[in-house]
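Residue-level structural notes
What follows is each chain in one-letter form.
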Amino acid sequence: MRRSFATALGRYGYQVEAAADGLAGLELFRDESFDLLILDVMLPGLDGIGLCRRVRETSLVPVLMMSARGDGLDVVAGLEAGADDYVVKPVDTYVLVARIRSLLRRATYAPVPQPGRAAGEGPSPSDGEVLVFGDLTIDTAGMEVFVSGSPVALTPTELKLLLEFAAHPGVVLARHTLLRDVWEYGWDGDSRVVDLCVQRLRRKLGRDRIETVRGFGYKLRR
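Overview of the structure. (Residues numbered from 1 in each chain as written. Predicted model: local features only at pLDDT ≥ 70, side-chain atom pairs only at ≥ 80, totals over all residues. Heavy atoms only, no water.)

Overview of the sheet that holds strand 8 (residues 173–174)
- As summarised here, the arrangement of the three strands in space is 8-10-9, forming an open sheet in which the pairing is antiparallel. Because the sheet does not close on itself, it has two edges, and the strands there are strand 8 and strand 9 (210–213).
- Along the sheet, helix 6 (residues 156–166) contacts strand 8, strand 9 and strand 10 (217–220); its crossing angle with strand 10, the most-contacted strand, is approximately 75 degrees.
- Of the strands in this sheet, strand 9 and strand 10 are in contact with helix 8 (residues 192–205), which crosses strand 9 at around 145 degrees. (Pairing = 2+ DSSP bridges. Helix = DSSP H or I, 4+ residues; strand = E, 2+ residues; numbered from the N terminus. Contact = heavy atoms within 4.5 Å. Axes fitted to C-alpha atoms, helices over the stretch in contact; angles between N-to-C directions.)

This is the structure we're talking about:
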């Protein structure tokens, strides 16, 4: 499967380096620079979840987790370890490529200025302004986040999710809306990716900054 995916992704123009086990993958990651990692949960030696944790100690590179079980603890554990998204085996190549493209777009995401904002609406992430919500500061031009003046390291997915909240402060955003606008799912996806990413944001920004509105979704407190 590793060889077949490497060959298929090569046909789409990607350069692929493959490792047969988690420890070899960790060594390869430390020796080279990568735009994205695909980690199988069931890697021998050091499994994909453990490898993801080791990667997150030093890097915010996008991580796509691959699991044989879509409804079990593997998915939750992988997302909690810092993965940005996951696919369930067996997976069609076109689905895998779609997820890869979405993750790479997030990794190179930059707000695009939006013309025609009404007077008095105030700055938005697309204006390249500094947004302040209590002790939370978001520099949308420099793509930097600070809590009480201290920088906070966010993965590309966490940053794009935060910018989506910052564009609609005080507005409840439904999970399916966030799946569409942040994860770029053109179909109903697994809302656990949203819930786990929100949990990671709360750990980094403070538990009260993003509020759960039961039965509806989440909102950023002004």
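Structural notes on the pattern of salt bridges
- For the structure on display, the rule yields eleven salt bridges.
- Asp135 is paired through a salt bridge with Arg209; the nearest N and O atoms lie 3.1 Å apart. Of this pair, Asp135 sits in the loop between strand 4 (130–133) and strand 5 (136–139) while Arg209 sits in the loop between helix 8 and strand 9, and the two are 74 residues apart along the sequence.
- A residue is classified by how much of its surface remains accessible, and Asp135, at 34% relative accessible area, is partly exposed.
- Judged by its relative accessible area of 13%, Arg209 falls in the buried class.
- Arg175 is the partner of Asp195 in a salt bridge, and the nearest nitrogen-oxygen pair spans 2.7 Å. Here Arg175 lies in helix 7 (residues 175–181) and Asp195 lies in helix 8, a separation of 20 residues in the sequence.
- The class of Asp195 is buried, set by a relative accessible area of 18%.
- Within this structure, Arg105, Lys160 and Glu184 form a network of salt bridges that share partners. (Salt bridge = Lys/Arg side-chain N within 4 Å of Asp/Glu carboxyl O. Buried < 20%, exposed > 50% of the residue type's maximum accessible area, 1.4 Å probe, protein only.)

Some remarks on a negative patch on the surface
- A surface patch of negative charge is lined by Glu17, Glu27, Asp31 and Glu32.
- Secondary-structure assignment places Glu27 in helix 2 (residues 22–31).
- When its relative accessible area of 52% is taken as the criterion, Glu27 is described as exposed. (Patch = residues over 30% accessible without salt bridge, like charges linked within 9 Å, V, L, I, M, F, W, Y side chains within 5 Å. Areas by Shrake-Rupley, 256 points an atom, 1.4 Å probe, with all protein chains shown as cover. Lys, Arg positive; Asp, Glu negative; His and termini not counted. Charge placed at Lys NZ, Arg CZ, Asp CG, Glu CD.)

Some remarks on unusual backbone geometry
- Cis geometry is adopted by the peptide bond preceding Pro90, which originates at Lys89 and carries an omega value of -5 degrees.
- Tracing the backbone through its elements, the reader meets Pro90 in the loop between strand 3 (85–88) and helix 5 (93–107).
- Although it is not a glycine, Glu184 adopts a positive phi angle of roughly 60 degrees.
- Positionally, Glu184 belongs in the loop between helix 7 and helix 8.

Brief notes about the pairing of strand 5
- In this sheet, strand 5 lies alongside strand 4 in antiparallel orientation, the contact comprising four bridges. Bridging from a neighbouring strand, Phe133 pairs with Leu136 of strand 5.
- Between strand 4 and the antiparallel strand that follows it, strand 5, lie two residues; Gly134 among them carries a positive phi value of about 65 degrees.
- Note that strand 5 and strand 6 (residues 144–147) share four bridges and pair antiparallel. Across the sheet, residue Thr137 finds its bridge partner in strand 6, namely Phe146.
- In textbook terms, the turn of a hairpin is the stretch between consecutive antiparallel strands, and for strand 5 and strand 6 this stretch comprises four residues, one of which, Met143, has a positive phi near 55 degrees.

What about the packing of helix 5 against helix 6?
- Interhelical geometry of helix 5 versus helix 6 gives an angle of 70 degrees and a closest axis separation of 8 Å. By the angle between their directions, the pair helix 5 and helix 6 is classed as roughly perpendicular. Here Leu103, Arg106 and Ala107 of helix 5 lie close against helix 6, whose contacting residues are Pro156, Thr157 and Lys160.
- Tallied by class, the residues present in the contact of helix 5 with helix 6 amount to three nonpolar, one polar and two charged. (Parallel < 35°, antiparallel > 145°, perpendicular 65-115°, else oblique. Nonpolar A, V, L, I, M, F, W, Y, C, P; charged D, E, K, R; others polar.)

Digging into the environment of Arg221
- Within the secondary structure layout, Arg221 lies in the segment after strand 10.
- Counting along the chain gives twelve residues from Arg221 to Arg209, while the straight-line C-alpha distance between them is 5.7 Å.

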